[in-house]
There are 2 protein chains.
Amino acid sequence: MERITTIPDRNDEILKALEQAGKRAKTVICTGGLGPTPDDITKQALCAYFNVAMEFHAEVFEDIQRYLSNRKISLNKANREQAVIPQCDRVLRNHRGTAPGLYFVRADTHFFFLPGVPEEVRHLMRKDVLAILAEIFDLRPVKTRLLRTTGIAESRLIEKISDLVEQKPNIRLSFLPRFRGVDLRFTLNRDDEEVRRQFDNFVNAVKDRLQKYVFTELEQELEGVIGEILKQKGYSLSVAESFTGGLLGDLITNVPGSSEYFLADLVTYSNESKIELLGVNPETLKKFGAVSEQTAVEMVRGVQKRFLSDCAIATTGIAGPSGATPDKPVGLCYIAARAGGKERVKEFRFGHDRIMNKRRGAIAGLELLRRILLDIR
Amino acid sequence: MERITTIPDRNDEILKALEQAGKRAKTVICTGGLGPTPDDITKQALCAYFNVAMEFHAEVFEDIQRYLSNRKISLNKANREQAVIPQCDRVLRNHRGTAPGLYFVRADTHFFFLPGVPEEVRHLMRKDVLAILAEIFDLRPVKTRLLRTTGIAESRLIEKISDLVEQKPNIRLSFLPRFRGVDLRFTLNRDDEEVRRQFDNFVNAVKDRLQKYVFTELEQELEGVIGEILKQKGYSLSVAESFTGGLLGDLITNVPGSSEYFLADLVTYSNESKIELLGVNPETLKKFGAVSEQTAVEMVRGVQKRFLSDCAIATTGIAGPSGATPDKPVGLCYIAARAGGKERVKEFRFGHDRIMNKRRGAIAGLELLRRILLDIR
């Protein structure tokens, strides 16, 4: 990837950007501006740029009719106009929306125009764009490896591996900070057996150094990794949330097939619901408060007992901005987890942003469970 | 905004992009590449581009020490190096992370370099960048208005208002499709009393035409709007989720102060938990299935009864990719809501993507409650 350019919906800007990109690259992929609203002017701009006319495309019209009728939406004038498209070298038919993709070849530059909705971009990239490019440029897959980490700050991570990562010819290492932690992506620039072996040795050495912080080498998140461990062990999971307000359940149920191991999640925002649903002792709430190690432990035990699950996670804390007391600041959070008879509870001090705090808490809850399951300290 | 350019962490690309942007614009804002990892090379590139040296900055070092000690993280070599920065016209001190922002003026172009973490970008934009720009360019606020919609497709929306929106001098209307629905942003290009009145009349006419689909004029989401209605009416809310797996609770608790009205959320993924926690009749599950109008209604009544809440929402459906039966496809979903004695239940047919289905279901649940609360059909 050489460059991404983002411009406003203005004819002169579209023409200028196409001109510049066409000079710079052999492949230009554009997204957005193909929809039915008046600020979608890309189709008109393409007619001017490529010097072609608009035409009604019967197959595209059928796609649009099918797409809408599946959703029980009636066809209107704006939808019909979406089947009127610039004459191009190939129409990329869209099964996830109403705007088709367009493909043009000029001199030896390949232009792709896709709608802007992320789901539709992914669909057309997978179905058409990558196949066309692979054929034209005789592309072969690049060797890459991924190490996904969590629970370690970027500066701490680099300190741990700085002596390893200096000067590696043929290998590119990118540090990709995510909310959950840093992803390390290794790319091999040359490809023969000897270099391949060096590459794997190098990645393995980095992985070895980072140990417990690496939770996967695949394009999956913590909840996916935990799901696999649970399925493998035949374990079930239940959750009790206060601090994270449903986010843990949301993440866990993002994983296809999670209903195999995920039983239930009780989001107990009030003290009464903690007592009634989880069996938290009112005395504990009175003596230590809802935001305490003791309450977190009673929550995780309570939810596990209630659903007879093998594993459980519980969160309690002050997400903010209100709710702080002199000795309990915003961001204070207790997370408890249980798996196969083992139990851990941990205190966290997150920041001031409510949404960030919830996200940090959910990730910390998943990571605590992963570490118990894999017996990592 | 004229253009956004995204480039790889390569010295030649950084220099080329700065050169081009400096020619094109009077203000250039750059983000990312200021961190402690080896692929963060922007500071070195800036020394070359602006022909300046690096220097240790004592105040920045204090900021870093303070930031880390607040988080109980010990200082390391990489952190100390973050206080070594190119000589610039002004350092933009960062209280949300370890990399400071940098400000350069060359000829009459203003360059800002900010770290890439979104929270830190927002912090430095608000604290420094906007203030500097407002002073230099004597900027005054532009008059804008926002109409946020949900429950209507983009093509349907444009059909409803197409006769209104043609040819309005001085007014720019942008259609911003969000997952939840289209945002309409109106911007006034000229500013005198007469034009202002026309502007408001125009926006009001559009709003009038779209009626029930406009849920707010503010920068807030459905869960925030519902929170305000609930607080105003003194109503409480409980939720029972199957299809959405915790996402509804997550959205509701994203709103600061939601603990005032939000009591609890029972994520009942198994049939047993629907029976035991919500009092769904086993006969109902047997006769109509967990994914049915009848089950949705028993879920919403059950959770409302259990917590004696004024309002309740319940979701049940097949999020996919598995779980479909011949007469119940992936994406089928029933949502029920109750408020102040009124009850509605609605069938939805979403798509094939699990994560999208959950998001659509959560939004549909919030919207159903909003419409009951405001007596909108």
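All values reported here derive from a predicted model rather than from experimental measurement.

## Re the overall build of chain A
Secondary structure summary: chain A contains 13 helices and 16 strands in total. For chain A, the C-alpha radius of gyration of 26 Å lies well beyond 21 Å, the compact-globule estimate for 377 residues. With the C-alpha coordinates of chain A rotated into their principal frame, the extents come out at 80 × 60 × 40 Å. Taking all 377 residues of chain A together, the buried fraction comes to 41%. Across chain A, the fraction of contacts at a sequence separation of at least 24, relative to all contacts at a separation of at least 6, is 63%.

## Concerning the relation of the copies chain A and chain B
Turning chain A through 180° and shifting it by 0.1 Å along the axis lays it on chain B, with an RMSD of 0.2 Å. Such a combination of turn and shift is consistent with a two-fold rotation axis. Interface residue correspondence from chain A to chain B reaches 98%, placing this contact among same-surface, isologous pairings.

## Re the sheet that holds strand β2 (residues 27–31) of chain A
Residues and elements named next belong to chain A. Read across the open sheet, the four strands follow the order β2-β7-β6-β5; overall the sheet is mixed. Edge positions in the sheet fall to β2 and β5 (90–92), since each of these pairs with one other strand and no more. Pairwise comparison of adjacent strand axes, ignoring direction, gives a mean angle of 20° for this sheet. Pairing of strand β6 (residues 101–106) with strand β7 (residues 109–114), which is carried by five bridges, proceeds in the antiparallel orientation. Within the sheet, the bridge partner assigned to R106 lies in β7 and is T109.

## Brief notes about helix α7 (residues 193–210) of chain B
Residue and element names in this part refer to chain B. Taking 1.5 Å of rise per residue, 18 residues should cover 26 Å, and α7 covers 26 Å from first to last C-alpha, within 8% of that figure. Among the residues of α7, F199, V203 and V206 are the ones counted as buried. Projected onto a plane normal to the axis of α7, the buried residues spread over an arc of 60° and lie on a single side. In α7, the exposed positions angled more than 90 degrees off the buried face are occupied by E193, E194, R197, N201, N204 and D208. Of the surrounding secondary structure, the elements contacted by the buried residues of α7 are β8 (144–149), α6 (154–165), β9 (171–177) and β10 (182–188). Among the residues trailing α7, Q211 stands out with phi positive, at a value near 40°.

## Topic: the packing of helix α1 (residues 11–24) of chain B against helix α2 (residues 42–50) of chain B
Residues and elements named next belong to chain B. Relative orientation of the contacting elements α1 and α2 amounts to 55°, with a least axis distance of 10 Å. It follows from the interaxial angle that α1 and α2 lie oblique. Helix-helix and strand crossings are classified by hand; for α1 and α2 the assignment is right-handed. From α1, N11, I14, L15 and L18 reach across to α2, where they touch T42, A45, A48 and Y49. Taken together, the residues of the contact of α1 with α2 sort by class into six nonpolar, two polar and no charged.

## Let's talk about the sheet that holds strand β14 (residues 311–317) of chain B
Taken in spatial order, the ten strands make up an open sheet running β16(A)-β15(A)-β14(A)-β12(A)-β13(A)-β13(B)-β12(B)-β14(B)-β15(B)-β16(B), and their pairing is mixed. One side of each edge strand has no neighbouring strand; the edge strands of this open sheet are β16 (342–349) of chain A together with β16 (342–349) of chain B. Strand-to-strand, the axes of this sheet are offset by a mean angle of 10°, without reference to chain direction. Relative to strand β15 (residues 332–339) of chain B, β14 of chain B runs antiparallel, the two sharing seven bridges. Its bridge partner lying in β15 of chain B, C311 of chain B is registered against A339 of chain B.

## Considerations on unusual backbone geometry
Of the consecutive residues G320 of chain A and P321 of chain A, the connecting peptide bond is found in the cis state with omega at 0°. Tracing the backbone through its elements, the reader meets P321 of chain A in the loop between β14 (311–317) and β15 (332–339). Phi angles above zero are rare outside glycine, and D375 of chain B is one such case at about 60°. With respect to the helices and strands, D375 of chain B occurs in the segment after α13 (354–373).

## Examining the interface of chain A and chain B
Across the boundary between the two partners, chain A contributes 56 residues, which contact 56 residues of chain B. Contributions of two or more residues to the side of chain A that touches chain B are made by β1 (4–6), α4 (77–81), α6 (154–165), β9 (171–178), α9 (247–253), β13 (262–268) and α13 (354–373) of chain A. It is β13 of chain A that provides the largest number of residues to the side of chain A that touches chain B, a total of seven residues. Across the side of chain A that touches chain B, the residue classes break down as 24 nonpolar, 20 polar and twelve charged. Inspection of the sheet shows β1 of chain A paired to strand β1 (residues 4–6) of chain B by three bridges, in the antiparallel sense. Bridging across to β1 of chain B, T6 of chain A finds its partner in I4 of chain B.

## Quick notes on the environment of V300 of chain B
Residue and element names in this part refer to chain B. Looking at where V300 falls in the secondary structure, it is placed in helix α12 (residues 293–307). Note: C-alpha distance between V300 and I318 (18 residues apart in sequence) is 18 Å. Residue contacts for V300: discarding those within four places in its chain leaves A240, A312, I313, A314, A336, A337 and R338.

## Let's talk about the confidence of the model for chain A
Looking at chain A as a whole, its pLDDT mean stands at 93, while 100% of the residues score no less than 70. With pTM at 0.87, the complex prediction returns an ipTM value of 0.86.

## Considering the pairing of strand β12 (residues 237–241) of chain A
The side chains of a regular strand alternate between both faces of the sheet. All names here are of chain A. Taking burial as the measure, the five residues of β12 include five buried ones, the bulk of the element. Residue alternation in β12 divides its side chains into two sets, L237, V239 and E241 and S238 and A240, and both sets are buried. Of the pairings in the sheet, the one linking β12 to β13 comprises five bridges and is parallel in character. Its bridge partner lying in β13, L237 is registered against F262. Crossover β12 to β13 through α9 is right-handed. As paired strands, β12 and β14 are joined by five bridges and run parallel to one another. Paired with V239 across the strands is I313, a residue of β14.

Calculation criteria
Residues numbered from 1 in each chain as written. Chains lettered and ligands numbered in written order. Predicted model: local features only at pLDDT ≥ 70, side-chain atom pairs only at ≥ 80, totals over all residues. Helix = DSSP H or I, 4+ residues; strand = E, 2+ residues; numbered from the N terminus. Rg over C-alpha atoms; globule rule 2.2 N^0.38 Å. Buried ≥ 20, exposed ≤ 12 C-beta atoms within 10 Å, placed from the backbone. Contact = placed C-beta atoms within 7 Å. Least-squares fit on C-alpha atoms with pLDDT ≥ 70 in both. Pairing = 2+ DSSP bridges. Axes fitted to C-alpha atoms, helices over the stretch in contact; angles between N-to-C directions. Expected span 1.5 Å × (residues − 1). Arc of directions from axis to C-beta. Parallel < 35°, antiparallel > 145°, perpendicular 65-115°, else oblique. Left-handed = near helix turned anticlockwise from the far one by under 90°. Nonpolar A, V, L, I, M, F, W, Y, C, P; charged D, E, K, R; others polar. pLDDT = per-residue confidence, 0-100. Right-handed = clockwise from strand over helix to strand, strands pointing away.

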